[in-house]
Protein chains: 4
Amino acid sequence: METIRAGIYGASGYAGQNLVEILVDHPNVDLVFGTSNTYAGQFIEGTDLRYIPSDEVNLDHVDAVFLALPHKTAATIGKQAVDAGKRVVDLSADMRFDDAEEYEKWYDIKHPHPDMLTSAPYGLPEIHRDDIAGAEIVGVPGCYPTATLLGLYPLLRVEGVSLEAPIIVDAKSGVSGAGRSATDTTHFVNIYGDIIPYKAGRSHRHVGEIEQEINRFMPTENQIIFTPHLVPIDRGLMASIYVTLNYSITSDKVHSLYLNVYADEPLVKVLPLGQQATFKGVQRKNTAEISITPVGDHFVHITSTIDNLRKGAASQAVQCFNLMYGFTETEALL
Amino acid sequence: METIRAGIYGASGYAGQNLVEILVDHPNVDLVFGTSNTYAGQFIEGTDLRYIPSDEVNLDHVDAVFLALPHKTAATIGKQAVDAGKRVVDLSADMRFDDAEEYEKWYDIKHPHPDMLTSAPYGLPEIHRDDIAGAEIVGVPGCYPTATLLGLYPLLRVEGVSLEAPIIVDAKSGVSGAGRSATDTTHFVNIYGDIIPYKAGRSHRHVGEIEQEINRFMPTENQIIFTPHLVPIDRGLMASIYVTLNYSITSDKVHSLYLNVYADEPLVKVLPLGQQATFKGVQRKNTAEISITPVGDHFVHITSTIDNLRKGAASQAVQCFNLMYGFTETEALL
Amino acid sequence: METIRAGIYGASGYAGQNLVEILVDHPNVDLVFGTSNTYAGQFIEGTDLRYIPSDEVNLDHVDAVFLALPHKTAATIGKQAVDAGKRVVDLSADMRFDDAEEYEKWYDIKHPHPDMLTSAPYGLPEIHRDDIAGAEIVGVPGCYPTATLLGLYPLLRVEGVSLEAPIIVDAKSGVSGAGRSATDTTHFVNIYGDIIPYKAGRSHRHVGEIEQEINRFMPTENQIIFTPHLVPIDRGLMASIYVTLNYSITSDKVHSLYLNVYADEPLVKVLPLGQQATFKGVQRKNTAEISITPVGDHFVHITSTIDNLRKGAASQAVQCFNLMYGFTETEALL
Amino acid sequence: METIRAGIYGASGYAGQNLVEILVDHPNVDLVFGTSNTYAGQFIEGTDLRYIPSDEVNLDHVDAVFLALPHKTAATIGKQAVDAGKRVVDLSADMRFDDAEEYEKWYDIKHPHPDMLTSAPYGLPEIHRDDIAGAEIVGVPGCYPTATLLGLYPLLRVEGVSLEAPIIVDAKSGVSGAGRSATDTTHFVNIYGDIIPYKAGRSHRHVGEIEQEINRFMPTENQIIFTPHLVPIDRGLMASIYVTLNYSITSDKVHSLYLNVYADEPLVKVLPLGQQATFKGVQRKNTAEISITPVGDHFVHITSTIDNLRKGAASQAVQCFNLMYGFTETEALL
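Report on the accompanying structure. Position labels on residues start from 1 in each chain and follow its written sequence. All chains are assigned letters beginning at A, and all ligands numbers beginning at 1, according to the order in which they are written. This being a predicted model, a pLDDT of at least 70 is required before a residue's local features are given, and a value of 80 or more before pairs of side-chain atoms are given or counted; all residues contribute to the totals for chains, interfaces and linings. To get the side-chain values, all heavy atoms of the structure are used, and hydrogens and water are removed first.

**A short note on the overall build of chain A**
Helix and strand counts for chain A come out as nine helices and twelve strands. Seen through its principal axes, chain A has C-alpha atoms that stretch 60 × 45 × 40 Å. When the 334 residues of chain A are sorted by exposure, 65% land in the buried category. Whether two residues are in contact is decided by their heavy atoms: any pair within 4.5 Å suffices. Within chain A, residue pairs in contact and separated by at least 24 positions form 69% of the contacts whose partners lie at least 6 positions apart. Using the Shrake-Rupley algorithm and a 1.4 Å probe, accessible areas are obtained, with residue cover drawn only from the displayed protein chains. For chain A, the accessible surface area stands at approximately 11800 Å², while carbon and sulfur atoms represent 46% of it. By the criteria applied, helices consist of DSSP H or I runs no shorter than four residues and strands consist of E runs no shorter than two, each listed in order from the N terminus. Three exposure classes are used, based on accessible area relative to the maximum for each residue type with a 1.4 Å probe and protein chains only: buried under 20%, partly exposed in between, and exposed over 50%.

Written as structure tokens, this is what we have:
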């Protein structure tokens, strides 16, 4: 059995911790290192390893690296790894865009290595499985784009979304989505008992990559309205998607469409009509759940839920990794 | 100083409890009774009264009654009170519709006293103040319609909402909105850590009255998409409203419009641009808070928040009561 | 490989649900039925079975039954099962007492089958392993006694607890401990944001069996002070135990004692000195965690935590079952 | 009517915010400044003032200062204020000890101004009312000592506590007790769903002042066992106190004793026998609630609850202030 020696950059953050949890049980992975500048020297829970500072990594000892790093840093480290002949599973935004200009528009910095973008597919296996298979670099999308795009994909595929009305995404995220660092945002007293909208409208950075992906299926411009909300729960994420249909499909056909499109997807579950996707259905799981509510003839309300740290981060990265190396796609995930 | 002798039917439910809290401090009110069939005989907290069963009420002792009762029961009791010459502040749905047919469509029963509907204004003072002033009966709207309609009203007044796109309302309600009765829905374990959509699309009864009110300003049919969500918080309510504008107004004018329309409203606060309305801003308060986010030229995201038991129930009822009797509108509320 | 055909009475309650979760993965178990009078006809999640009413059980089809039933009902059904030659794992209080009088004192009813008590060991494997091995009937203790007794056991074994001072147990339980039924106690609004002491002092029924077990090691009478508290968390349980030592042991020896006694226990983990046991360490796990804080020379504060539905109910029942049949004790539990 | 010009040092922390809330409604107070080095320049909510850095305070403009500052800093600033002839209400630990050595033992630093200790009474009005009246400096106790001492005081007064058994205090605190700073401790994800014991046994600094106060009534040494727990609630505090009585009082007399001792105390409420004090009874209130559970003849379990930011900090400080100036003790508090 083939064993891949893998390392995790940023192993102490929430995504990194979930990567560790999954990879230690992966039969084809030998976890060689986990970096953390903050926790260097401490044990990595569930392993015999200790966190090392990122500048102490010796890439000779690994075949592949996972990057659970801030954007920009990820590209820099990813470049080194690629140059050293290693495969890269990047959980940051750095490898997600086709186009460096688009990246620069949303992230307000020059892309450190725009050349890398061409070879890196967008790591959403349900849409880009063939491109991810065998790839050397993958840019894994995070929680909001994953939930949103999985919720829209079957309709996009049949070109059923009206171009004339906005696509509304009212998203709700557990607090772990704000990261492990202690900030005013993550202070218990500030979020306890509250629901907090932020970066409303089109100001959240994830709008860029969501539109990039939608544009593969239909010409869209400024059509996505996306408002995330922080909710007083530790983990879980819901994208509540409100879609006007065009005349190619009526709402009563949408549920069947979703059942068909996702019939063979091991990590996406379409709920029976009348049942609604919730946080509880997906917390601590690697699967997405989607519910469909037809409204009148030409409108659907779609609820798409994931665990933000799993299908919205770590487990999706491992799903991509499995595809890159030709392992069973759900290895260590089911 | 004039004193009104008032009684509360359904005084042990959450709305009833909040009515008691407010009315005991109202300088013009003498609280004479509170009914509760379940808690009959027990003290009403904050008073020297004990709950009495509703069939032991002697209407001779009061001038006005508040009905915090289930629909249908409310109309029956309200009818008796009106026939006895008492004023009625009804917190149920029974007096909210102009039209008995519309009521019957949404509530699936014959209206017990359709004649009463003609004289009962819709008890949202910010829109119907003049009709409420001096009225004998008022049908006070509940939490979802109040938050939604306050969030839409200024745009409706200027006929700024497009007829061509749906009006999306993604609503989030604290668990007290589900009532004081112990049910699977209100079981702690069932809602802890979860966000639960329910009656999605157009199946919630409140869609009917929301459309009735919108129709006073613009012809709308099946345009409202309304999905409420239960959230793991005790009280508070948010209506996240997504509106496409027509060409009579651009999005950059909307915030000023709201500031103007609500400038003299003591119980509605429009937040500065860039600030978002949250649960915390309104919990245990009698005020609504509204934030405006322009998106592109022709779209706005509006967040409208209230305490579901206050401006969404009890305090709005008292606001109506104050108008009915000519007291200062915010008496006991500020 | 031996396969035991097993059925669960009371399979829809929280303990029952956890039994199902564990048993469906047990290599030696064929789950044959799950009863639920309330949910009869509905699917049992995670299985192909549907709940059946308890009076439709055919005991011929099983070798063993788990009773996740109210006390008294459990004894009645358990008696039938034993008479039919089946083994019984009883999660109620009915088989826990040595002595029917003691049972009657705490439960205020005549024991339906006092004869069964003599053959049923107390199902806490860490203390009664030898008696449970091969037993036909076991009375599995619930969450409070399990956490308390595991927390005290090593000290009891060395007779280190002073007879002169009370043993204080301040316990904290997640809301699932109050059961799946919707009651005022389990209403979200009633427990959200609150900590609620109940049955304080010596009025909780579990005091009886805790004392029975302590009395095996030392003569104690009315020495246990036990106050449980409901906390706004779904699952988990903490017994905070405050113990005065006698002169046979000093507090600095207690941690080593616990490490030694539990060294080979697969389901009890003694934390390093200085680290405190918490809810998070045990939620959704089958293990108990215990922390020791020496205070002065003659006093220790012990924190003992479990998942109330696992080591405090379902997983302990399966641990007993494994011992009864001679399977690996932790089969399906690690 | 006399008006005292007051300033608050540390006005942006939770205690400081609550001081602002109370003082802006105090008829005898003119709030002149609030300091905050972190938020300097921003508006102080509920006022027309802006936070100023502490080194921009001009003491000439005030008659009294409240110190919601870390220990040591408080003494330094307090000394300046006293030297300038101002009265000082200190919410830190710096003025609470009679004896600088005791302070140094618990706080591990030399007391900056030990001379100030002699003139500063311990600011728990229910015990030290006469000394606080007219005082120039008061050292106001915080949440744990307040709840614990109010819970013990009536028994201490009659010398009813046994010297032979430990006094156990199992305390539970809302997260605001950990302060407004974002730290790992206050990160939502770290405390959500958890109960966390910390500084168990006798290692918490508040043990020192609790013992100092107990020693006024009985000779005690190392008798207090005090373990605080962080609970996933924003505010509120419970001290669960377990007391062995000596032979001067039996447990059945304790409830009457408490009723008598606190009969005229406006800010302490003794609950009826059988009712338990909870977080909800005191949240956002200025009162303490105490419940008594007799256990056997010689033991009582006492539950003492307060809002940690009110009677455990800000409102107690104002209560002391009122006594210092001869105002009605509950001015602005009821």
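**Description of the interface of chain A and chain B**
Contact residues are listed per partner, giving 38 residues for chain A and 38 residues for chain B. A simple way to read buried area is as the amount of 1.4 Å-probe accessible surface that goes missing from two parts once joined, with both sides added. For the pair chain A and chain B, the summed buried surface comes to about 2700 Å²; carbon and sulfur atoms form 69% of the total. Between K172 of chain A and D170 of chain B there is a salt bridge, with its nearest N and O atoms 3.0 Å apart. Each polar contact in these results corresponds to two N or O atoms within 3.5 Å; when the atoms are within protein, one needs to be able to donate a hydrogen and the other to accept it, and residues that are neighboring in sequence are counted only if both atoms are side-chain atoms. Run the count over chain A and chain B and you get 18 residue pairs in polar contact (both at pLDDT 80 or more). Basic side-chain nitrogens of Lys or Arg form a salt bridge, by our definition, when they fall within 4 Å of a carboxyl oxygen of Asp or Glu.

**Considerations on the interface of chain C and chain B**
Listed per partner, the contact involves 20 residues of chain C and 20 residues of chain B. Interface of chain C and chain B: buried area, both sides summed, is about 1600 Å²; carbon and sulfur atoms make up 66% of it. Where chain C packs against chain B, one counts zero salt bridges. Viewed at the interface, chain B and chain C are joined by six residue pairs in polar contact (both at pLDDT 80 or more). Broken down by element, the residue count for the side of chain C that touches chain B peaks at four residues, all from helix α6 (residues 188–191) of chain C. Looking at the side of chain C that touches chain B residue by residue, the class counts come to ten nonpolar, seven polar and three charged. Nonpolar residues are Ala, Val, Leu, Ile, Met, Phe, Trp, Tyr, Cys and Pro. Charged residues are Asp, Glu, Lys and Arg, and all others, Gly as well, are polar.

**Considerations on the side chain of S36 of chain C**
All names here are of chain C. In this structure, S36 sits in the loop between β2 (29–34) and β3 (64–67). Side-chain polar atoms of S36 contact the backbone nitrogen of T38, separated by 3.5 Å. Polar side-chain contacts of S36 include one of 2.9 Å to the backbone nitrogen of Y39. When near neighbours in sequence (up to four residues on either side) are disregarded, S36 contacts S12, Y51, I52 and P53.

**Some words on the relation of the copies chain A and chain B**
We place the copies in one frame by least squares, fitting the C-alpha atoms of every residue whose pLDDT is at least 70 in both. Once chain A has been moved 0.0 Å along the axis and rotated by 180°, it coincides with chain B to within an RMSD of 0.0 Å. Taken together, these values place the two copies in the relation of a two-fold axis. Considering only C-alpha atoms, the part of chain A nearest the rotation axis is A165 of chain A, at 3.0 Å. When the interface residues of chain A are mapped onto chain B, 100% of them again fall at the interface, so both copies present the same face.

**Focus on the sheet that holds strand β1 (residues 4–9) of chain B**
All names here are of chain B. Pairing between strands requires that DSSP locate at least two bridges from one strand to the other. Read across the sheet, five strands follow the order β2-β1-β3-β4-β5 without closing on themselves; strand pairing throughout is parallel. Pairing within the sheet leaves two strands with one partner each, and these edge strands are β2 (29–34) and β5 (137–139). If you compare each strand with its neighbour and ignore which way they point, the axes differ by 20° on average. As paired elements, strand β3 (residues 64–67) and strand β4 (residues 87–90) share four bridges and run parallel to each other. Looking at the pairing, V65 lines up with V88 of β4. Angles here are taken between N-to-C directions and fall from 0 to 180 degrees, while the axes themselves are lines fitted to C-alpha atoms, restricted in helices to the stretch in contact.

**Some thoughts on the packing of helix α5 (residues 143–157) of chain A against helix α7 (residues 206–214) of chain A**
All names here are of chain A. At a closest axis distance of 10 Å, the pairing of α5 and α7 adopts a crossing angle of 20°. With respect to each other, α5 and α7 are oriented roughly parallel. Note on packing geometry: the crossing formed by α5 with α7 is right-handed. Where α5 approaches α7, its residues Y144, P145, T148, L149, L152 and L156 are matched on the opposing element by H206, E209, I210, E213 and I214. The residue makeup of the contact of α5 with α7, split by class, is seven nonpolar, two polar and two charged. Angles below 35 degrees are treated as roughly parallel, those above 145 as roughly antiparallel, those between 65 and 115 as roughly perpendicular, and all remaining angles as oblique. Crossing chirality is assigned from the near helix's rotation relative to the far helix, an anticlockwise turn below a right angle marking it left-handed and a clockwise turn marking it right-handed.

**Examining the nonpolar core**
To qualify as a nonpolar core, a set must consist of buried Ala, Val, Leu, Ile, Met, Phe, Trp, Tyr and Cys residues joined through side-chain atoms within 4.5 Å. I195 of chain A, I195 of chain B, I195 of chain C together with I195 of chain D are the most contacted members of the largest nonpolar core, which has 52 residues in total. Elements represented by at least two residues in this core include exactly α6 (188–191) of chain A, α6 (188–191) of chain B, α6 of chain C together with α6 (188–191) of chain D. Those residues in contact with I195 of chain C that sit more than four places away from it in its chain are H229, L230, V231 and P232 of chain C together with V231, I233, M238, T278 and F279 of chain D.

**Thoughts on the sheet that holds strand β8 (residues 224–230) of chain B**
Residue and element names in this part refer to chain B. Strand order across the open sheet formed by seven strands is β7-β8-β6-β9-β12-β11-β10, with mixed pairing between neighbours. Each edge of the open sheet is held by one strand with a lone partner, namely β7 (196–197) and β10 (268–270). Examined bridge by bridge, β7 and β8 share two bridges and lie antiparallel to one another. Residue pairing across strands places I196 opposite L230, the latter belonging to β8.

**Description of the relation of the copies chain C and chain B**
Least-squares fitting of chain C to chain B yields an RMSD of 0.0 Å, with the superposition described by an axial translation of 0.0 Å and a rotation of 180°. Of the residues that chain C buries at the interface, 100% are likewise interface residues in chain B, meaning the two copies contact each other through the same surface.

**Some details on empty space enclosed by the protein**
Using only the protein atoms, space was sampled on a 1 Å grid; points where a 1.4 Å probe fits but cannot get out form cavities, open sets with protein on both sides within 12 Å along at least five of seven lines form pockets, and lining residues are those with an atom within 4 Å of a point. Grid points are joined across faces, edges and corners, and a volume is the space filled by probe spheres set on the points. Per the counting criterion, the structure on display carries three cavities of 30 Å³ or more. Size it by volume and the largest cavity reaches roughly 170 Å³. The wall of the largest cavity is formed by 16 residues, among which Y192 of chain A, Y192 of chain B, Y192 of chain C together with Y192 and P232 of chain D lie closest to the centre. Along the lines of polarity and charge, the residues of the lining of the largest cavity split into twelve nonpolar, four polar and no charged.

**Things to note about the pattern of salt bridges**
The final tally for this structure, using the stated rule, is 73 salt bridges over all chains. With a shortest N-O distance of 3.8 Å, E136 of chain A and R87 of chain A are connected by a salt bridge. Residue E136 of chain A is found in the loop between α4 (125–132) and β5 (137–139), and its partner R87 of chain A is found in strand β4 (residues 87–90); the two are separated by 49 residues along the sequence. Given the relative accessible area of 43%, E136 of chain A is considered partly exposed. Of the charged contacts, one joins K253 of chain C and D252 of chain C as a salt bridge, the two residues approaching to 3.3 Å between their closest N and O atoms. Several salt bridges share partner residues, and in doing so they unite D170 and K172 of chain A together with D170 and K172 of chain B into one network.

**What about helix α3 (residues 100–107) of chain A?**
Residues and elements named next belong to chain A. Every buried residue of α3 is listed here: A100, Y103, W106 and Y107. All buried residues of α3 project into a common sector of 130° when viewed along the axis, lining one side. The exposed set on the far side of α3, more than 90 degrees from its buried face, consists of E101 and K105. Structurally, the start of α3 carries an N-cap: the backbone nitrogen of E101 is 2.9 Å from a side-chain oxygen of D99. Positive phi appears at D108, one or two residues downstream of α3, with a value of about 65°. This arc describes the spread of directions from the helix axis toward the C-beta atoms.

**Here we look at the environment of S12 of chain D**
Residue and element names in this part refer to chain D. Along the chain, S12 turns up in the loop between β1 (4–9) and α1 (14–23). Taking the C-alpha atoms as reference points, S12 and A68, separated by 56 residues in sequence, lie 9.0 Å from one another. Contact partners of S12, with chain neighbours within four places excluded, come to Q17, T35, S36, Y39, Y51 and R180.

**Quick word on the packing of helix α1 (residues 14–23) of chain C against helix α9 (residues 310–325) of chain C**
All names here are of chain C. Where α1 meets α9, the axes come as close as 9 Å, and the angle between the chain directions of the two elements is 45°. Considering the angle they form, α1 stands oblique to α9. Regarding α1 and α9, the two cross each other, and that crossing is right-handed. From α1, A15, N18, L19, E21, I22 and L23 reach across to α9, where they touch R310, A313, A314, S315, A317 and V318. Of the residues assigned to the contact of α1 with α9, the class counts are eight nonpolar, two polar and two charged.

**Here's the deal with the environment of V268 of chain C**
Residues and elements named next belong to chain C. Secondary-structure assignment places V268 in strand β10 (residues 268–270). Since its relative accessible area comes to 6%, V268 is described here as buried. Distance in space between the C-alpha atoms of V268 and Y325 is 22 Å, their sequence separation being 57 residues. If near-sequence neighbours (up to four positions away) are discounted, V268 is found in contact with E126, L150, Y262, A288 and I290.

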